[in-house]
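If you want the building blocks of each chain, they are given just below.
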Amino acid sequence: QVQLVESGGGLVQAGGSLRLSCAVSGRTFSAYGMGWFRQAPGKEREFVAAISWLGYSHYYADSVLGRFTISRENANNTVYLQMNSLKPEDTAVYYCAADTTQRSWGRRPTSRDMDYWGEGTLVTVSS
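Keep in mind that this is a model prediction, so the values were computed, not measured.

Each value, and the rule that gives it
- Residues numbered from 1 in each chain as written.
- Predicted model: local features only at pLDDT ≥ 70, side-chain atom pairs only at ≥ 80, totals over all residues.
- Heavy atoms only, no water.
- Helix = DSSP H or I, 4+ residues; strand = E, 2+ residues; numbered from the N terminus.
- Rg over C-alpha atoms; globule rule 2.2 N^0.38 Å.
- Buried < 20%, exposed > 50% of the residue type's maximum accessible area, 1.4 Å probe, protein only.
- Contact = heavy atoms within 4.5 Å.
- Areas by Shrake-Rupley, 256 points an atom, 1.4 Å probe, with all protein chains shown as cover.
- Lys, Arg positive; Asp, Glu negative; His and termini not counted.
- Charge placed at Lys NZ, Arg CZ, Asp CG, Glu CD.
- Core = buried A, V, L, I, M, F, W, Y, C linked by side-chain atoms within 4.5 Å.
- Polar contact = N/O pair within 3.5 Å; in protein donor to acceptor, adjacent residues only side chain to side chain.
- Disulfide = S-S within 2.5 Å.
- Salt bridge = Lys/Arg side-chain N within 4 Å of Asp/Glu carboxyl O.
- Pairing = 2+ DSSP bridges.
- Axes fitted to C-alpha atoms, helices over the stretch in contact; angles between N-to-C directions.

Caption draft 1: A look at the overall build of the protein. Scanning the protein from N- to C-terminus turns up 0 helices and 11 strands. On C-alpha atoms alone, the protein measures out to a radius of gyration of 13 Å, which is about the 14 Å that the 2.2 N^0.38 rule sets for 127 residues. Residues classed as buried in the protein amount to 46% of the 127 residues present. Here the contacts in the protein between residues at least 6 apart in sequence split such that 59% fall between residues at least 24 apart. When the accessible surface of the protein is summed, it comes to about 6600 Å², and 45% of that surface belongs to carbon and sulfur atoms. Between the averaged position of the 12 positive side-chain charges in the protein and that of its 11 negative side-chain charges there is a distance of 3 Å.

Caption draft 2: Just the nonpolar core, in detail. Counting 37 residues, the largest nonpolar core has Met-34, Trp-36, Val-79, Leu-81, Met-83 and Tyr-94 as its most contacted members. For this core, the elements supplying multiple residues, two or more each, are β3 (18–24), β4 (33–39), β5 (46–51), β6 (58–60), β7 (68–73), β8 (78–83), β9 (92–99) and β11 (121–126). Not counting residues up to four positions away in its chain, the partners in contact with Met-83 are Gly-16, Ser-17, Leu-18, Leu-20, Arg-67, Phe-68, Tyr-94 and Val-123.

Caption draft 3: Structural detail: the side chain of Ser-52. As for its placement among the helices and strands, Ser-52 is situated in the loop between β5 and β6. A distance of 3.3 Å separates a polar side-chain atom of Ser-52 from the backbone nitrogen of Tyr-56. If sequence neighbours within four positions are ignored, Ser-52 has contacts with Tyr-32, Gly-33, Ser-57, Arg-72 and Trp-105.

Caption draft 4: Fine view of the state of the cysteines. Per the counting criterion, the structure on display carries 1 disulfide. The disulfide that involves Cys-22 links it to Cys-96, with 2.1 Å between the sulfurs. Taking the torsion about the sulfur-sulfur bond, which here is approximately -85°, the covalent link between Cys-22 and Cys-96 counts as left-handed. Here Cys-22 is found in strand β3, whereas its partner Cys-96 is found in strand β9, with 74 residues between them in sequence. Take Cys-22 and Cys-96: they sit in the same class, and that class is buried.

Caption draft 5: Examining the pattern of salt bridges more closely. This structure, assessed with the given rule, holds 6 salt bridges. The salt bridge partner of Arg-38 is Asp-90, with a shortest N-O separation of 2.9 Å. Residue Arg-38 is found in strand β4, and its partner Asp-90 is found in the loop between β8 and β9; the two are separated by 52 residues along the sequence. Connected through salt bridges with shared partners, the residues Arg-38, Glu-46, Arg-67 and Asp-90 form a single ionic network.

Caption draft 6: Region of the structure containing the sheet that holds β8. The strand order β1-β3-β8-β7 describes an open sheet built from 4 strands, whose pairing is antiparallel. In the strand order of this sheet, the two ends are held by β1 (4–7) and β7, each with one partner. Strand-to-strand twist across the sheet, computed as the mean angle between neighbouring axes with direction ignored, equals 15°. Of the pairings in the sheet, the one linking β7 to β8 comprises 6 bridges and is antiparallel in character. In the sheet register, Ile-70 faces β8, and the bridge partner there is Leu-81.

Encoded structure:
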């Protein structure tokens, strides 16, 4: 059983920054592909960013490219999402997700590529 706990969400003004953390309890964290997804009220969950289990590949949604950075610290079993230049449209519940299959995505992963999910942390960006 893999557990993921997000933290770092909150209220921030447009243009501000926030860093989300995801603590993972999995036994082999370094072998997990990790991703961040978000869901705004009334909208479907969408991909935000991901990092491969090898840590060599990074993927970003076009909407966050250049503003968000995903990283991981395998020694701490933690994945981060640094969010800069936040916009009101970034407001959503952000979910951390893990892919434990060790598959090579070769593309931006989708929700269906992930097999474990955190409960989410709310990010609200005011204008």
